[in-house]
Amino acid sequence: EIKHYEKKLAKLYEKERLEIELNEQLTKAQETNGKITFENTHLSRDLFTSILQIHDMTNQIQQKKQEYDDVMKQLYYLEEIDDENQQFIMHLIETNAQLENEIQSLNLQIEHQMQEAIEAASAVANAANMKLLEELAAKEDEIKHYKSGAMNAIASGADA
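Now for a quick tour of the structure. Owing to the predicted nature of the structure, the values given are computational and were not obtained by experimental measurement.

Looking only at helices and strands, the chain features two helices and zero strands. The C-alpha radius of gyration computed for the chain amounts to 35 Å, which surpasses the reference 15 Å derived for 160 residues by more than 25%, pointing to a less compact arrangement than a globule. The 160 residues of the chain split such that 15% are buried. A separation threshold of at least 6 residues defines the contact pool for the chain, and within that pool the share at least 24 residues apart is 86%. Accessible area for the chain stands at about 12,300 Å²; split by element, carbon and sulfur atoms hold 56% of it. Measuring between centres, the 16 positive side-chain charges of the chain sit 23 Å from its 31 negative side-chain charges.

As structure tokens, then:
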């Protein structure tokens, strides 16, 4: 009868040890989740910074478009003036071309930065999600294993 209780006590100790070990692993998984959340926060901040930069560039484009419109208005009125103003008109045409080039360049920069920001945020989010899913699956397998072991231990104890 003492051996029966010793076996039962040993199984209870093993169950408690497994529960402690499982709690430690759960704590580690929560720490990892916290780190991933911290990384995502920094990435969100970086993404927000990129969005602000894109907004600034959009404002620059609006300013350049306004300058372009102003130059076009001046060009329209100056076309009616005599031949003495041809040099000035040529200068305005060149300025207009430069502004168009600057607008195109800013548009390309915005597209490039948006693409980089989206790809970076997507890659980190996907990696973090995959890591969390893998850890979750591993923890679920461990829990099933420990529950199965505990149930077998309880069943063995009840049979004895």
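Core analysis: the largest hydrophobic core is formed by six residues, namely Ile54, Met57, Ile61, Ile103, Leu106 and Ile110. Of all the secondary structure elements, the ones that give two or more residues to this core are α1 (2-78) and α2 (86-159). Ignoring anything within four residues of it in the chain, the contact list for Leu106 reads Met57, Gln60, Ile61 and Lys64.

By volume, the largest pocket amounts to about 200 Å³. Along its surface, the largest pocket is lined by 13 residues, and Leu26, Ala29, Glu135, Leu136 and Lys139 are the ones closest to its centre. The set of elements that each furnish at least two residues to the lining of the largest pocket consists of α1 and α2. Here the lining of the largest pocket takes seven residues from α1, the largest share from any one element.

Our next topic: the pattern of salt bridges. A complete count under the given rule lists five salt bridges for this structure. Residues participating in the shared-partner salt-bridge network are Glu14, Arg17 and Glu21.

You can see Leu18 is positioned in helix α1. Counting along the chain gives 132 residues from Leu18 to Ala150, while the straight-line C-alpha distance between them is 8.7 Å.

A contiguous nonpolar patch, built from Leu9, Leu12 and Tyr13 and spanning about 330 Å² of accessible area, is present on the exposed surface. For Tyr13, the position within the fold is in helix α1. Looking at Tyr13, the relative accessible area reads 55%, which means it is exposed.

This next bit is on the environment of Ala29. Positionally, Ala29 belongs in helix α1. Expressed as a C-alpha distance, the spacing of Ala29 and Gln60, which sit 31 residues apart in the sequence, is 46 Å. Discounting residues that sit within four places of it in the chain, Ala29 has contacts with Glu135 and Lys139.

Looking at where Asn101 falls in the secondary structure, it is placed in helix α2. Placed 75 residues apart in sequence, Asn101 and Leu26 show a C-alpha to C-alpha distance of 57 Å.

Parameters at a glance
- All residue numbers refer to position in the chain's written sequence, counted from 1.
- Only residues with pLDDT of at least 70 are given local features in this predicted model, and only at 80 or more are side-chain atom pairs given and counted; all residues enter the totals for whole chains, interfaces and linings.
- Each side-chain value is derived from all of the structure's non-hydrogen atoms; neither hydrogens nor water enter the calculation.
- Elements are defined by DSSP. Helices are runs of H or I of four residues or more, strands are runs of E of two residues or more, and each kind is numbered from the N terminus.
- Based on C-alpha atoms, the radius of gyration is set beside the globule rule, defined as 2.2 Å times the residue count to the power 0.38.
- Accessibility here uses a 1.4 Å probe with only protein chains present; expressed as a share of the type maximum, an area under 20% marks a residue as buried, one over 50% as exposed, and anything in between as partly exposed.
- By definition in these notes, contact holds between two residues if any of their heavy atoms fall within 4.5 Å.
- Computed with a 1.4 Å probe, the accessible areas rest on the Shrake-Rupley method; for each residue, only the protein chains presented here act as cover.
- Here Asp and Glu are counted as negative and Lys and Arg as positive; His is not counted, and neither are the chain ends.
- To locate a charge, the coordinates of NZ of Lys, CZ of Arg, CG of Asp or CD of Glu are taken.
- By convention a nonpolar core is built from buried Ala, Val, Leu, Ile, Met, Phe, Trp, Tyr and Cys residues, the set being connected through side-chain atoms within 4.5 Å.
- A cavity, in this analysis, means grid points on a 1 Å lattice covering only the protein atoms where a 1.4 Å probe fits yet has no way out; a pocket is instead an open set bounded by protein on both sides within 12 Å along at least five of seven lines, and a residue lines either one if it has an atom within 4 Å of a point.
- Grid points are joined across faces, edges and corners, and a volume is the space filled by probe spheres set on the points.
- Salt bridge, as used here, is a side-chain nitrogen of Lys or Arg placed within 4 Å of a carboxyl oxygen of Asp or Glu.
- Residues forming no salt bridge and having over 30% relative accessible area are the ones grouped into patches, like charges within 9 Å of each other and nonpolar side chains (Val, Leu, Ile, Met, Phe, Trp, Tyr) within 5 Å.

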